[in-house]
Every structure is written in structure tokens, then in C-alpha cells.
Amino acid sequence: MATNSHTEQPSGHKGAFPPFDSTTFASQLVWLAITFIVLYVLMAKVALPKIGGIIESRQKRIADDIAEAGALKAQSDAALAAYEKALADARAGAQAIANETRDKQAAEAEARRKTLEDGLNAKLAEAEKTIAATKQAAMANVRGIAADATKAIVERLIGKAPADTAVDAAVGEALKS
Amino acid sequence: MATDPIHQFQIVNLFPVGKIGHTEIAFTNSAAYMVAAVVIISIFLIAGASRRALVPGRIQSAAELTYEFVANTIRSTAGTEGMKFFPFVFTLFTFILTVNLVGLIPYTFTVTTHIVITATLALSVFLTVLVYGFWKNGLHFFNLFVPKGIPVYILPLIVFIEVLSFLSRPISHSVRLFANMLAGHITLKVFASFITLLGGAGIFGIVGATLPLALVVALTALELLVAFLQAYVFAILTCIYLNDAIHPGH
């Protein structure tokens with residue numbers, strides 16, 4: 001058995017299995033009670049509130065940071081939406097200006113074309129009138145020439161000038177056919 | 001003799017403190033290790049939390065981890081109401097874990113290898129459950145022994161079994177921790193003594209002694225796990241028992 005170097009031997013240790021040696025129970029219990037209660041008080045009053053506080057403040061900090069990040073994101077989203085709206089407005093404005101300009105220019109061109117056309121038509125009508133007058137004049141000339149020619153031819157053939165009215169009637173008859 | 005595997009469990013009186021009645025109270029080696037555990041835990045946790053860093057250092061991280069671990073254990077087994085007992089469970093867990101781990105250092109004493117210690121801890125849990133259970137639920141606490149949906153004719157048997165299992169809780173609770181630590185330390189010591197015995201038997205003995213040496217190394221690793229696991233099991237069983245006191249309906 002154990003021959004212990006310690007001079008102070010617990011009584012009844014010989015042969016007894018130490019965990020079941022009831023003579024040591026009282027001392028163990030007293031010290032267990034003291035140490036356990038001291039540890040409990042230290043934990044409950046000092047250590048755990050401290051650590052719990054650290055963890056809580058960290059969680060609060062994280063939650064705050066996430067909330068702040070969310071607010072910033074909302075802000076940037078709003079800015080983006082405003083920018084996009086401005087862009088769309090500008091695009092619509094540009095479109096409107098372009099349409100307006102196109103319409104105005106088309107109207108101008110139409111007006112110009114119309115005045116030009118009117119001018120041309122007027123000129124055309126005038127020209128046609130001139131042509132008709134010229135033609136009539138020419139026709140009148142042709143009749144005179146034809147009458148003169150007929151008079152000369154008849155004079156040569158019969159040796160005597162025909163009457164002007166007869167020649168005129170004959171030429172009119174010939175021209176009609 | 002150093003090879004006696006029981007010698008390590010010897011309680012040695014370091015100095016007497018006083019007397020309660022006829023019983024002498026002494027400061028023993030066991031008491032010294034209990035005080036050491038309190039000092040180690042307090043320094044670890046209070047020093048760890050002293051810097052209050054937002055980004056924790058190593059010790060603070062470990063302290064926070066222990067805190068969260070025990071808190072989550074309670075929350076998952078006994079609900080948020082169980083957090084009333086957080087300091088109690090935390091003290092039990094860290095105390096048992098520390099004395100278990102310190103006891104694994106060679107030449108040290110393991111407080112939890114004494115049934116009187118584990119039985120007292122288990123009884124304190126048992127009494128807490130009883131007192132809190134009756135204080136909070138009154139006579140409804142007896143619902144714990146009457147499971148719902150049981151036919152009336154086998155109810156007496158069920159109630160008898162429930163009461164018996166309830167009463168045997170402190171026994172299993174304490175013996176589990178005690179027996180695990182005791183058996184582990186005896187096994188370690190027996191294999192360790194093989195090393196010295198073989199080592200004294202010439203050159204072949206020294207070669208042969210490597211086998212128990214390797215075993216002791218492996219066993220130490222296993223005992224490290226057991227030391228943690230038993231502290232955890234003790235804590236989680238405490239939570240489960242406390243849950244019965246908080247919510248006695250099955």
C-alpha cells in the first residue's frame with residue numbers, strides 16, 4: 001500500500017478507497033461550498049455582466065452599422081432614381097425639340113414649295129396665253145399670206161386679179177377643210 | 001509507491017482550519033485545487049473581458065466563446081426563461097471543466113474524482129429544480145410525473161416510474177462524472193506504471209515501454225475529450241432538469 005512521505009496522514013486512510021473515505025468529506029464539502037459560492041458570485045456579479053455587455057454592445061454596433069448602411073443605400077438609390085429621371089426628362093425634351101423643329105421645317109418647306117408652284121403655274125398660264133396669242137397671230141398671218149398667194153396665183157393663171165372677197169372666201173373655205 | 005494507481009486520489013491535509021462540532025476541517029490538496037480553479041477561471045474571464053475590445057483578442061475571444069457556448073446550451077434546452085440560471089450553469093460548467101483539465105496535468109489532483117464533490121454538485125442542481133419548480137408552479141409541478149395521453153389503467157405504473165427516474169437523477173448525474181474521471185485517471189496511471197516497470201527491465205524493456213507510452217499519449221488525448229465532454233454533459237443535463245422546473249408539462 002502507499003507509504004506516504006507526508007507526516008500528516010488522514011485517519012482511516014489505510015485500506016480505504018480515498019473517494020469513499022468519509023473522514024475527508026467534511027473538509028471537501030466546506031471548501032467546495034466556499035469556492036463554488038465565491039466563483040458563483042464572481043461570475044454572476046463581475047465576469048458575466050462584463051462579457052455579456054461586450055457582446056451586446058458589439059451586436060448593437062453591428063446592427064447600427066447595418067442600419068446606417070441601409071440608409072446610405074436608400075440615399076444612393078434615390079440619387080440614382082433622380083439621375084435617371086433627369087436623363088429621361090432630357091431625352092423627352094430633346095425628342096420634343098427635334099419633333100418641333102422637324103414639323104416647322106416641313107411646314108416651311110411646304111409653304112415655300114407652294115409659292116414656287118403657284119409662281120410656276122402662273123408663269124405657265126402666261127406662257128400658254130402667249131403661245132395662243134402668237135398662234136392666233138401666226139394663223140392670221142398665214143391667212144393673209146395664203147390670200148396674197150392665192151391672189152397672185154390666180155392673177156397669173158387668168159391674167160386678172162380676182163376680187164378680194166372671193167379670195168378671202170376661198171381661203172377661208174380651204175383653211176376650214 | 002508511485003505506481004499505486006489509487007494513490008493519486010489521496011486527500012492530504014495541508015493545514016487545519018478549524019472544527020465544526022467534532023469534525024476537523026482542514027485545507028486539503030483538493031481545496032487547493034478548487035481555489036486554483038476559481039482563480040484560473042476568474043483571471044481568464046475577468047482579464048479577458050477587461051479590455052472590452054470591439055474586435056476581441058485571443059483571451060477575450062475565448063471568454064466570449066465560453067459565454068456564448070453556455071448561453072446557447074441553456075437557450076436550446078431550457079428556452080430564454082432558463083437564462084435565469086445562466087450564472088449557475090456557467091459556474092458549474094467552468095468549475096467542472098477547469099478542475100477536470102487541471103487534473104490531467106501529471107502530478108496534479110483531480111477534484112471531480114471524489115464522489116462527495118460530484119454528488120454535492122448534482123444535489124445542488126436537484127434541490128434547485130425542486131425549490132424553483134414548486135416556487136414557480138406550485139402543485140402543478142407534479143404534472144411532471146403525469147405524462148399526457150396515457151390510459152388511466154397504466155397511469156399509476158407510469159407515475160411510479162417517472163417519480164423513480166426523477167429521484168434517481170442526482171445519482172446518475174453525479175456518478176457519471178465521478179466514474180468517468182476516476183476510471184480515466186486509473187487507466188492512465190496503470191499504463192504509465194507499465195512504462196516505468198518495463199523501463200527498469202533492460203534494453204528490451206525500454207523498447208517495449210514505447211507501446212504503453214504511445215497508449216498513454218493516446219489516452220491523454222481521449223481524457224482531454226472526456227474532461228470537456230463530462231463537464232458539458234453535466235451542464236446540459238442541468239439545463240434539461242431546470243427545463244423541467246420551468247416547464248413541468250410534458
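Scroll up for the structure.
I'd like a description of the overall build of chain A, backed by residues and values.
Scanning chain A for helices and strands turns up 2 helices and 0 strands. Its C-alpha radius of gyration of 67 Å places chain A more than 25% over the 16 Å reference for a compact globule of 177 residues. Overall, the C-alpha framework of chain A stretches about 200 × 35 × 25 Å when taken along its three principal axes. Relative to its full complement of 177 residues, chain A shows a buried share of 16%. Here chain A holds 22 positive side-chain charges and 22 negative ones, and the gap between their average locations is 1 Å.

Provide a residue-level description of the pairing of strand E1 (residues 13-20) of chain B, including the pertinent values.
The two faces of a sheet get side chains in turn, since along a regular strand they alternate between them. All names here are of chain B. Pairing analysis gives 6 bridges linking E1 to strand E2 (residues 23-28), with the strands arranged antiparallel. Across the sheet, residue Asn13 finds its bridge partner in E2, namely Thr28. In sequence, E1 turns back onto E2 through a hairpin of 2 residues, with Gly21 there showing a positive phi of about 65 degrees.

I'd like a description of the side chain of Glu223 of chain B, backed by residues and values.
Residues and elements named next belong to chain B. With respect to the secondary-structure elements, Glu223 resides in helix H8 (residues 210-246). No salt bridge is formed by the buried Glu223. Its closest oppositely charged neighbour is Lys189, at 14 Å. Here Glu223 is in contact with Leu104, Asn180, Gly184 and Leu188, once residues within four sequence places are set aside.

Could you give an account of the side chain of Thr35 of chain A, with specific residues and numbers?
Mapping Thr35 of chain A onto the fold places it in helix H1 (residues 25-158). Residue class for Thr35 of chain A comes out buried when judged on its relative accessible area of 3%. A distance of 2.6 Å separates a polar side-chain atom of Thr35 of chain A from the backbone oxygen of Trp31 of chain A. Every residue in contact with Thr35 of chain A, bar those within four places of it in the chain, is listed here: Met34, Val35, Val38 and Phe95 of chain B.

Please set out helix H4 (residues 115-137) of chain B residue by residue, giving values where relevant.
End to end, H4 of chain B covers 32 Å across 23 residues, agreeing with the expected 33 Å (1.5 Å per residue, within 8%). Buried residues belonging to H4 of chain B abut H1 of chain A together with helix H1 (29-50), helix H3 (86-103), helix H5 (155-167), helix H6 (169-199) and H8 of chain B. Following H4 of chain B by one or two positions, Gly138 of chain B adopts a phi angle in the positive range, close to 60 degrees.

Account for the interface of chain B and chain A, with residues named and values stated.
Contacts between the two partners involve 55 residues from chain B, matched on the other side by 39 residues from chain A. Put simply, Arg58 of chain A and Glu64 of chain B hold a salt bridge, and the shortest N to O gap is 2.7 Å. There are 4 residue pairs in polar contact (both at pLDDT 80 or more) connecting chain B and chain A. Per-element accounting of the side of chain B that touches chain A gives the leading share, 11 residues, to H1 of chain B.

Could you give me a rundown of the packing of H1 of chain A against H4 of chain B, with the residues and numbers involved?
H4 of chain B packs onto H1 of chain A with a crossing angle of 45 degrees between their chain directions and a minimal axis gap of 10 Å. What the angle tells us is that H1 of chain A and H4 of chain B run oblique. Taken as a pair, H1 of chain A and H4 of chain B cross one another with a handedness that is right-handed. On H4 of chain B, the residues that touch Phe25, Gln28, Leu29, Leu32 and Phe36 of chain A of H1 of chain A are Val116, Ile117, Thr120 and Leu121 of chain B. In terms of residue class, the contact of H1 of chain A with H4 of chain B is built from 7 nonpolar, 2 polar and no charged.

Cut-offs used in this document
- Residues numbered from 1 in each chain as written.
- Chains lettered and ligands numbered in written order.
- Predicted model: local features only at pLDDT ≥ 70, side-chain atom pairs only at ≥ 80, totals over all residues.
- Heavy atoms only, no water.
- Helix = DSSP H or I, 4+ residues; strand = E, 2+ residues; numbered from the N terminus.
- Rg over C-alpha atoms; globule rule 2.2 N^0.38 Å.
- Buried < 20%, exposed > 50% of the residue type's maximum accessible area, 1.4 Å probe, protein only.
- Lys, Arg positive; Asp, Glu negative; His and termini not counted.
- Charge placed at Lys NZ, Arg CZ, Asp CG, Glu CD.
- Pairing = 2+ DSSP bridges.
- Salt bridge = Lys/Arg side-chain N within 4 Å of Asp/Glu carboxyl O.
- Contact = heavy atoms within 4.5 Å.
- Polar contact = N/O pair within 3.5 Å; in protein donor to acceptor, adjacent residues only side chain to side chain.
- Expected span 1.5 Å × (residues − 1).
- Axes fitted to C-alpha atoms, helices over the stretch in contact; angles between N-to-C directions.
- Parallel < 35°, antiparallel > 145°, perpendicular 65-115°, else oblique.
- Left-handed = near helix turned anticlockwise from the far one by under 90°.
- Nonpolar A, V, L, I, M, F, W, Y, C, P; charged D, E, K, R; others polar.

These figures capture arrangement, not role.
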